[in-house]
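# Results of the structural survey
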Amino acid sequence: MRGMALPWVLLLVAPAVLAEPAPSAEAEVERMARALGTLEYSGVFVLAHDGRLEAMQVTRRIGAVGPHDRMIALTGDRRELERSGSALRCTTPEGVIAVDAEGLGGWPPKIPAGLGRARAHYQFKIIGAERIAGYDATVVEALPQDADRYGYRFWIERNTGMLVGSMLIDAARRAVNQMMFTQLSMREQVAAAEAAVRAQELDQQQPIAAPEGWVIGALPAGFNLVAISPADARARHLVYSDGLASVSVYIEPGEPLLLGPARRGSSHAYGAAIDGYRVVTVGELPAATIQRIALSVRRNPE
Amino acid sequence: MKDPTTPELISALMDGELPQDQARFALRRLAADPDAAALLARWHIARSVLKRERFVVPTAGFADAVMRVVFNEARPRSARPAWIKPVAGAAIAAGVALVALLAVVPPPSSAPDGVVVGPAVPALAAPTGLTTGDFRPRLAPRPVSSTTLSPLPPGQADIERYFLAHSGQATGFARGGFVPYVNIVATPVQPEPAVVPAEGGSR
């Protein structure tokens, strides 16, 4: 009798054993990072911030030289951003601003295969499922372990991993901004993804040497140097990231162009003058963190 | 043949379906019947409104002139080409409408040419000074800082360039793709009050 019962028990538990485990919250965020870097998409989304609603249209195409992105504000002043390869161009009512990101990276995207150091500084959790712009999405929350960075809530499309909605959360668990697609179409650019994507653990990269002559003392835990302008560049542009958030530190000789704080939506900047150099930090981090990083930049006495 | 009722007669007149002699007879009958003339006028005005046509309020002498042209009594029938009949029918309908309007709408003081344009069909409301910004919901008032905000710094283009360059780099990380562009496009650079650090300037 006992011998007959065992096969039945195995039959009952087998489906549970053989079934694929539900994806973890971290795995969902990794899918999201990969989708943002490799998908082609076109859509309209709304952004709620500072008590206002903005609508924007975005298009991304991926070519041999990298992404071709276009984002247009559909409400308020006519503002438009266009990226082709490493060239960025922003058109505003005040004029046109152009930069070239060549030499610092950005393409191909450094998609973290395991979220690297982010796991140690954020608590990831799947909190539910919702429908956004007609797509079923998994809702993932990533809350920081400290007040030096923002928390996030991501709405991740089930099939492609595309980010269809997001929320930035401050230390008091209040929404700093919210974004949600109202219309979205996507296409997986397989050829470009295979040719261009370098998925790698951020903490397994060859370590990038800190810039000679400078020390940045107040970086939040988990922020490592992930990109740096060429050593012969007169102006240094350093990029630090914890896997989810990133901050740029600019160190340039000359009189300061910005003294004190400035912001652009949820992105903050701080300018300081240090030993004849102008230091500017920019990132989507709390204003206090951005300010602290800028004021901690010091000439290396060695 | 049964005599047509007044509404049937008016309908045929308005559609230009009556032969000339019958149309002439109908006009005389309408002229003697103010109620019928008023009905014709109301139908004509209603049709003009539905078609969004401007209608002309003529002076008294204008209707007579139209009638003379429409009926064209001096022209021999044999000389008229075949297409004249439907055209004449339509002209009669127009003339009938003018006569009817005279009966119910007193002509305003006339211009030298004898025709005064009446009130235009209502057009779309004139544009106001409202903009889409007035309808954007103010979900919550931005708190007024008790400290004085620093004025916008000089060299704003250079500052914008810092934000733009950072967004270009940030697209290559986990929250990449279009996400770093959002703040660039959504908002201009704004001044902010300095944050007093809780402890010194560096760790």
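Residues numbered from 1 in each chain as written. Chains lettered and ligands numbered in written order. Predicted model: local features only at pLDDT ≥ 70, side-chain atom pairs only at ≥ 80, totals over all residues. Heavy atoms only, no water.

## Observations concerning the overall build of chain B
Across its full length, chain B holds eight helices and three strands. Starting at the N terminus and ending at the C terminus, chain B contains elements arranged as α-α-α-β-α-α-β-α-α-α-β. Long-range pairs, those at least 24 residues apart, make up 72% of the contacts in chain B with a sequence separation of at least 6. Entry remark: accessible area of chain B is about 12,300 Å², with carbon and sulfur atoms responsible for 62%. (Helix = DSSP H or I, 4+ residues; strand = E, 2+ residues; numbered from the N terminus. Contact = heavy atoms within 4.5 Å. Areas by Shrake-Rupley, 256 points an atom, 1.4 Å probe, with all protein chains shown as cover.)

## Looking at the pattern of salt bridges
All names here are of chain A. Per the counting criterion, the structure on display carries 18 salt bridges over all chains. Note that Glu 30 is salt-bridged to Arg 119, the shortest N-O span being 3.2 Å. In this pair, Glu 30 sits in helix H2 (residues 25–38) while Arg 119 sits in helix H3 (residues 118–121), placing the two residues 89 residues apart along the sequence. Taking relative accessible area as the criterion, Glu 30 reaches 13% and is therefore assigned buried. (Salt bridge = Lys/Arg side-chain N within 4 Å of Asp/Glu carboxyl O. Buried < 20%, exposed > 50% of the residue type's maximum accessible area, 1.4 Å probe, protein only.)

## Remarks on the packing of helix H1 (residues 6–14) of chain B against helix H2 (residues 20–31) of chain B
Residue and element names in this part refer to chain B. Interhelical geometry of H1 versus H2 gives an angle of 125° and a closest axis separation of 11 Å. Relative to H2, the element H1 lies oblique. As H1 packs across H2, the resulting crossing turns out to be left-handed. On H2, the residues touching Thr 6, Leu 9, Ile 10 and Leu 13 of H1 are Ala 23, Ala 26, Arg 29 and Leu 30. (Axes fitted to C-alpha atoms, helices over the stretch in contact; angles between N-to-C directions. Parallel < 35°, antiparallel > 145°, perpendicular 65-115°, else oblique. Left-handed = near helix turned anticlockwise from the far one by under 90°.)

## A short note on the packing of aromatic side chains
This structure, assessed with the given rule, holds nine aromatic pairs over all chains. Pairing Tyr122(A) with Tyr152(A) gives two aromatic rings, centres 6.1 Å apart and planes at 40°, and the pair type is tilted. Taken as a pair, Tyr122(A) in strand S7 (residues 122–132) and Tyr152(A) in strand S9 (residues 151–157) lie far apart in primary sequence, 30 residues in all. When its relative accessible area of 2% is taken as the criterion, Tyr122(A) is described as buried. Here the aromatic cluster, defined as three or more aromatic residues joined through ring pairs, consists of Tyr41(A), Phe45(A), Phe181(A) and Phe178(B). Note that Arg299(A) overlies the ring of Trp214(A), its terminal NZ or CZ placed 4.9 Å from the centroid. (Phe/Tyr/Trp six-rings, centres within 6.5 Å; stacked < 30°, edge-to-face > 60°. Lys NZ or Arg CZ within 6 Å of the ring centre and 35° of its normal.)

## Things to note about the pairing of strand S6 (residues 95–100) of chain A
Residues and elements named next belong to chain A. In this sheet, S6 lies alongside strand S5 (residues 87–92) in antiparallel orientation, the contact comprising six bridges. From the neighbouring strand, Ala 87 faces S6, where its bridge partner is Asp 100. The turn joining S5 and S6, which pair antiparallel and follow one another in sequence, is formed by two residues. (Pairing = 2+ DSSP bridges.)

## Quick notes on the nonpolar core
Among the nonpolar cores identified, the biggest contains 84 residues, and Phe45(A), Met56(A), Met71(A), Tyr240(A), Leu244(A), Val249(A) and Phe178(B) are the most heavily contacted of them. Setting aside residues no more than four positions away along its own chain, Met71(A) makes contact with Phe45(A), Met56(A), Gln57(A), Val58(A), Arg79(A), Glu80(A), Leu81(A), Phe178(B), Tyr181(B), Val182(B) and Val185(B). By size, the runner-up hydrophobic cluster in this structure holds 12 residues, among which are Leu9(B), Leu18(B), Ala26(B) and Leu40(B). (Core = buried A, V, L, I, M, F, W, Y, C linked by side-chain atoms within 4.5 Å.)

## Here's the deal with empty space enclosed by the protein
Here the structure, examined in full by the defined rule, presents three cavities of 30 Å³ or more. Of the volumes computed, that of the largest cavity is approximately 190 Å³. For the largest cavity, the lining is made up of 17 residues, of which Ser267(A), Glu284(A), His166(B), Ala170(B) and Pro180(B) are closest to its centre. If you list the elements that add at least two residues to the lining of the largest cavity, you get helix H7 (156–170) and helix H8 (181–186) of chain B. Per element, the largest residue contribution to the lining of the largest cavity is four residues, and it comes from H7(B). (1 Å grid on protein atoms, 1.4 Å probe; cavity = no way out; pocket = protein on both sides within 12 Å on 5 of 7 lines; lining within 4 Å. Points joined across faces, edges and corners; volume = space filled by probe spheres on them.)

## So, the confidence of the model for chain B
Residue and element names in this part refer to chain B. Mean pLDDT over chain B stands at 62; residues scoring 70 or higher make up 37%. Between residues 73–77, whose pLDDT stays under 50, and residues either more than four places distant or in other chains, the model counts four contacts. Ignoring residues within four places in sequence, the model shows residues 137–153, a span with pLDDT below 50, making 24 contacts including any to other chains. (pLDDT = per-residue confidence, 0-100.)

## Examining the pairing of strand S11 (residues 175–188) of chain A
Residue and element names in this part refer to chain A. Relative to S11, strand S1 (residues 39–49) runs antiparallel, the two being bridged by 11 bridges. In the sheet register, Leu 39 faces S11, and the bridge partner there is Glu 188. Note that strand S10 (residues 163–169) and S11 share five bridges and pair antiparallel. Across the sheet, residue Leu 168 finds its bridge partner in S11, namely Asn 177. Hairpin remark: S10 followed by S11, antiparallel, with five residues in the connecting loop; positive phi at Arg 173, about 65°.

## A few points about the interface of chain A and chain B
Contacts between the two partners involve 85 residues from chain A and, on the opposite side, 50 residues from chain B. The contact between chain A and chain B buries some 5,900 Å² in all, and 62% of this surface belongs to carbon and sulfur atoms. It is Leu257(A), Arg263(A) and Arg264(A) in chain A that bury the most area against chain B; as a group they hold 14% of the surface buried on that side. Linking chain A with chain B are two salt bridges, by the criterion used here. Note that Arg175(B) is salt-bridged to Glu284(A), the shortest N-O span being 2.6 Å. (Buried area = accessible area lost by both parts, 1.4 Å probe.)

## Description of the side chain of His166(B)
Positionally, His166(B) belongs in helix H7. Leave out the neighbours within four places in its chain, and His166(B) touches Ser246(A), Val247(A), Ser248(A), Tyr250(A), Val282(A), Gly283(A) and Glu284(A).

## Points about the side chain of Ser241(A)
With respect to the element layout, Ser241(A) can be found in strand S14 (residues 236–241). By relative accessible area, Ser241(A) is classed as buried at 0%. One polar contact links the side chain of Ser241(A) to the main-chain amide nitrogen of Gly243(A), over a distance of 3.0 Å. Within the structure, Ser241(A) has its side chain in polar contact with the backbone oxygen of Ala245(A) (distance 2.9 Å). Setting aside residues no more than four positions away along its own chain, Ser241(A) makes contact with Arg117(A), Gly222(A), Phe223(A), Asn224(A), Val226(A), Ser246(A) and Phe173(B). (Polar contact = N/O pair within 3.5 Å; in protein donor to acceptor, adjacent residues only side chain to side chain.)

## Examining the sheet that holds strand S2 (residues 52–63) of chain A
One open sheet accounts for 11 strands, arranged S6-S5-S4-S3-S2-S1-S11-S10-S9-S8-S7 (chain A); its pairing is antiparallel. Of all the strands in the sheet, the pair left with one neighbour each is S6 and S7 of chain A. Strand-to-strand twist in this sheet, taken as the mean axis angle between neighbours without regard to direction, amounts to 15°. Strands strand S4 (80–84), S5 and S6 of chain A of the sheet are contacted by H7(B), whose axis makes an angle of about 45° with S6(A).

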